[in-house]
Amino acid sequence: MATYVAARAPSRSTTFWSIAVLLVLVLAASGVPSPLYRVYQERFGFSSGVLTTVFAVYAFALLVSLLVVGALSDHVGRRPVLAGALVVQAGAMVLFLFADGVGWLMAARIVQGLATGAMTGALGAALLDFQRSDRPLGPLVNSASPGLGLSLGAVGAGLLVEFVGAPTDWVFGVLTGVFLLSAAGVLLLPESSPRTPGALASLRPQVHVPRSQRPAFLVVLPCLAATWALGGLYASLGPSLVAGVFGVDDHLVGSLLILALNGTGLVGSLTLRGVAPERAMVGGALVFAVGVGGTVAALVAGSLALFFGAAVVSGFGFGGAFLGAMATVTRGVAPGERAGLLSSVFVVSYLVFSVPAIAAGIAAGEIGLERTAEIYGAAVILLALSAAASLELRRRRAAEPALLQPEDALAA
């Protein structure tokens, strides 16, 4: 008699790390174009303003996707959303592969943004679904993945530009195949979010923050704004700064700058993972402000070494602050509201990631790239310091009732 053995579903741990790898892959693909912008700029002959617009349409498309389908996986399940978005992501890679002008680049970035936005909330929520209750690594992976993914994508593309002929063919051809295989592979993972009513209603554009998480969401907003605004400047104009201000035309050096910021963001997240979330946010924001101050000083002094060193310090602060923000805002969120909440966090993040970068690209054409970066850095420093101050003030106010004597507490 024939014996049939049912295929075993992947374990909880295997599923968690598979999703983590997929998240890093998606973010790496979003970082690939950064060192290639200058290649396209030289090939198609467009200005810094157009360059930042090509960069920013990705973020705007991602925002639209987050607002429309960010919470969809809470109703139809994680797997259908992820599989469909991965196929769309493969289509974006094909558009990059055949790009022969600015219009193609715009279209490719828009499609990539739509796909990434659809996956961002679902992947982040799936990490929270499958994390171990005795070792909750979901917030850490969610906060560390952007730095790791963007670094891998930027450095990998930079290496191909320097050492491989037809780098765009290689990188986007390979990624097309990888995303199609991933779309099939994700269907083999267990489903963690049962179907619930309200799928159509969830498609109405909205920023959905559960009532219980709103105080924490408001607290982390300034921290998100400061850190992601600097990330947008580096991702769009970082390699141009290396070439235009410091006179280094090597594409690999430009991509290493992105690694210096985002790679040390991963180190910051890992270093501060055992620190209380609020303290991680305050400490990270202060370190971040010091690093950005060093960036401004490097631009004034014309020191490339100081510029890279400052990026390392800023990245470390970014990682710690973002980890603290993610741990704070996701603490205690109900399973059926996770994708919607994380989508709202990333709506804010990508909004400040893109809009200030567009303004910087336009301003660079008027007052110069160096002067623009100096003003941008000063504004980010003020925002980071205000975030740290408000967070610390809130923490102290929350601790005050515990310090009151019983009669004082009663009177209060």
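Just above, that's the structure.
Please read these numbers as outputs of a predicted model, since none were measured by experiment. (Residues numbered from 1 in each chain as written. Predicted model: local features only at pLDDT ≥ 70, side-chain atom pairs only at ≥ 80, totals over all residues. Heavy atoms only, no water.)

**Describing the overall build of the protein**
Scanning the protein for helices and strands turns up 16 helices and zero strands. Relative to its length of 412 residues, the protein is compact, with a C-alpha radius of gyration of 22 Å against a globular reference of 22 Å. Along the first, second and third principal axes, the C-alpha atoms of the protein reach 75 × 65 × 35 Å. Here the protein holds 412 residues, and 56% of them are scored as buried. The long-range share in the protein, meaning contacts at least 24 apart out of those at least 6 apart in sequence, stands at 86%. Here the protein has roughly 17,000 Å² of accessible surface; of this, 68% comes from carbon and sulfur atoms. Across the protein, the mean location of the 22 positive side-chain charges is 11 Å away from that of the 19 negative side-chain charges. (Helix = DSSP H or I, 4+ residues; strand = E, 2+ residues; numbered from the N terminus. Rg over C-alpha atoms; globule rule 2.2 N^0.38 Å. Buried < 20%, exposed > 50% of the residue type's maximum accessible area, 1.4 Å probe, protein only. Contact = heavy atoms within 4.5 Å. Areas by Shrake-Rupley, 256 points an atom, 1.4 Å probe, with all protein chains shown as cover. Lys, Arg positive; Asp, Glu negative; His and termini not counted. Charge placed at Lys NZ, Arg CZ, Asp CG, Glu CD.)

**Here we look at the packing of helix α10 (residues 214-244) against helix α14 (residues 338-367)**
At their nearest, the axes of α10 and α14 sit 7 Å apart, and the two run at 45° to each other. Classified by the interaxial angle, the pair formed by α10 and α14 is oblique. α14 is crossed by α10, and the crossing has right-handed handedness. Contact residues: F217, L221, L224, A225, W228, A229, G231, G232, L233, A235, S236 and L237 in α10; S344, V345, F346, V348, S349, Y350, V352, F353, P356, A357, A360 and G361 in α14. (Axes fitted to C-alpha atoms, helices over the stretch in contact; angles between N-to-C directions. Parallel < 35°, antiparallel > 145°, perpendicular 65-115°, else oblique. Left-handed = near helix turned anticlockwise from the far one by under 90°.)

**Considerations on the packing of helix α12 (residues 277-301) against helix α13 (residues 304-330)**
A packed helix pair is summarised by two numbers, namely the angle formed by the two axes and the spacing between the axes. The contact between α12 and α13 brings their axes to 7 Å, and the two run at 160°. As judged from the angle between their axes, α12 and α13 are roughly antiparallel. For the pair α12 and α13, the sense of crossing is left-handed. Classifying every residue of the contact of α12 with α13 gives 20 nonpolar, nine polar and one charged. (Nonpolar A, V, L, I, M, F, W, Y, C, P; charged D, E, K, R; others polar.)

**Points about the environment of V300**
Structurally, the position occupied by V300 is in helix α12. Residues within four places of V300 in sequence aside, it is in contact with E370 and E374.

**What about the nonpolar core?**
Soluble globular proteins: nonpolar side chains tend toward being buried together. Counting 120 residues, the largest nonpolar core has W228, F307 and Y350 as the members making the most contacts within it. Counting residues per element, this core draws most heavily on α10, at 16 residues. Beyond its immediate chain neighbours, meaning those up to four positions away, Y350 contacts L27, Y58, A59, L62, L63 and W228. (Core = buried A, V, L, I, M, F, W, Y, C linked by side-chain atoms within 4.5 Å.)

**As for the pattern of salt bridges**
Evaluated as defined, the whole model comprises four salt bridges. With its nearest N and O atoms 3.7 Å apart, the salt bridge here joins R371 to E374. Of this pair, R371 and E374 are both found in helix α15 (residues 369-403), three residues apart, which corresponds to roughly one turn of the helix. Classification of E374 by relative accessible area gives buried; the value is 14%. (Salt bridge = Lys/Arg side-chain N within 4 Å of Asp/Glu carboxyl O.)

**Quick look at the side chain of S65**
As for its placement among the helices and strands, S65 is situated in helix α3 (residues 48-69). Accessibility expressed as a relative area gives 6% for S65, which makes it buried. The residues contacting S65, other than those within four sequence positions of it, are G70, G113, L114, G117 and A118.

**Thoughts on the side chain of S73**
Tracing the backbone through its elements, the reader meets S73 in helix α4 (residues 73-76). Reaching out from S73, the side chain makes a polar contact with the side chain of R78 at a distance of 2.9 Å. Ignoring anything within four residues of it in the chain, the contact list for S73 reads R78, V81, A122, S193 and A339. (Polar contact = N/O pair within 3.5 Å; in protein donor to acceptor, adjacent residues only side chain to side chain.)

**Focus: the packing of aromatic side chains**
Taken as a whole, this structure holds eight aromatic pairs when the rule is applied. Here F96 and F172 contribute two aromatic rings whose centre-to-centre distance is 4.5 Å and whose plane-to-plane angle is 10°, an arrangement assigned as stacked. Within this pair, whereas F96 is found in helix α5 (residues 78-97), its partner F172 is found in helix α8 (residues 167-186), the two being separated by 76 residues in sequence. Owing to a relative accessible area of 0%, F172 belongs among the buried residues under this scheme. Grouped by ring-pair contacts, the aromatic residues W228, F318, F322 and F353 constitute a single cluster. The positively charged end of R109 is found above the aromatic ring belonging to Y58, 4.1 Å away from the centroid. (Phe/Tyr/Trp six-rings, centres within 6.5 Å; stacked < 30°, edge-to-face > 60°. Lys NZ or Arg CZ within 6 Å of the ring centre and 35° of its normal.)

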